[in-house]
Amino acid sequence: MATLRLLSGSIEIAAALLMLRLNQVDKALVVNSGLALVGPSVLILTTAVGLTGMAQQLSWGKFAWIACGVTFLLIGILKK
């Protein structure tokens with residue numbers, strides 16, 4: 001999970017440096033739009049890794065609540 005977060009942070013920093021290098025708002029907006037795919041993807045992957053590690057300790061009811069929460073997070077992030 002930590003490796004995924006480090007990778008995500010590195011991508012974010014690289015994108016910020018690219019935006020500074022491009023020095024144009026329209027091109028920076030394109031780079032920022034690409035980052036909109038990275039955030040939710042990392043959220044889903046890290047949650048999946050964490051749940052896989054805890055699968056023996058959680059009941060099906062708790063899995064359902066977690067899935068519901070992740071779904072609501074994604075709706076909140078992606079809905080415009």
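Just above, that's the structure.
Quantities reported herein were computed from a predicted structural model and do not represent experimental measurements.

Asker: Which parts of the structure should I look at to understand the overall build of the protein?
Answerer: Counting secondary structure elements, the protein contains three helices and zero strands. Taken from N to C terminus, the helices and strands of the protein fall in the order α-α-α. The globule rule puts the C-alpha radius of gyration for 80 residues at 12 Å, and the 16 Å found for the protein is more than 25% above it. Taken over the C-alpha atoms alone, the protein extends approximately 50 × 30 × 10 Å along its principal axes. Counting all 80 residues of the protein, 19% fall into the buried class.

Asker: Would you mind showing me how to read the environment of Arg-5 here?
Answerer: Summarising the element assignment, Arg-5 is placed in helix α1 (residues 2-22). Taking the C-alpha atoms as reference points, Arg-5 and Ile-75, 70 residues apart in sequence, are found 21 Å from one another. Ignoring anything within four residues of it in the chain, the contact list for Arg-5 reads Val-42, Leu-43 and Thr-46.

Asker: Looking at this structure, how should I read the packing of aromatic side chains?
Answerer: Working definition: an aromatic ring pair is given by the centre-to-centre distance plus the angle between the planes. This model, assessed by the stated rule, comprises one aromatic pair. When the ring of Trp-60 is compared with that of Phe-63, the centres are 5.9 Å apart and the planes differ by 45°; the resulting orientation is tilted. Placement of the pair is Trp-60 and Phe-63 together in helix α3 (residues 60-78), with a separation of three residues, close to one helical turn. We classify Trp-60 as exposed; its relative accessible area is 75%.

Asker: Mind showing me how you'd approach α1 here?
Answerer: Every α-helical turn comprises 3.6 residues, leaving residues that sit three or four positions apart pointing alike. Under the 1.5 Å per step criterion, the end-to-end length of α1 is 30 Å for 21 residues, consistent within 8% with the ideal 30 Å. Asn-23 lies just past α1 and shows a positive phi near 55°.

Asker: Looking at this model, I keep getting lost on the packing of α1 against helix α2 (residues 25-54). Mind explaining?
Answerer: The packing of two helices is summarised by the inter-axis angle and the distance between the axes. Where α1 contacts α2, the two axes come as close as 10 Å, and the packing angle between them is 175°. The orientation of α1 with respect to α2, classified from their angle, is roughly antiparallel. For the pair α1 and α2, the contacting residues are Leu-4, Arg-5, Ser-8, Ile-11, Glu-12, Ala-15, Leu-18, Met-19 and Leu-22 in the first and Lys-27, Ala-28, Val-31, Asn-32, Leu-35, Val-38, Val-42, Leu-43, Leu-45, Thr-46 and Val-49 in the second. Within the contact of α1 with α2, the residues separate by chemical class into 14 nonpolar, three polar and three charged.

Scoring rules and cut-offs
Residues numbered from 1 in each chain as written. Predicted model: local features only at pLDDT ≥ 70, side-chain atom pairs only at ≥ 80, totals over all residues. Heavy atoms only, no water. Helix = DSSP H or I, 4+ residues; strand = E, 2+ residues; numbered from the N terminus. Rg over C-alpha atoms; globule rule 2.2 N^0.38 Å. Buried < 20%, exposed > 50% of the residue type's maximum accessible area, 1.4 Å probe, protein only. Contact = heavy atoms within 4.5 Å. Phe/Tyr/Trp six-rings, centres within 6.5 Å; stacked < 30°, edge-to-face > 60°. Expected span 1.5 Å × (residues − 1). Axes fitted to C-alpha atoms, helices over the stretch in contact; angles between N-to-C directions. Parallel < 35°, antiparallel > 145°, perpendicular 65-115°, else oblique. Nonpolar A, V, L, I, M, F, W, Y, C, P; charged D, E, K, R; others polar.

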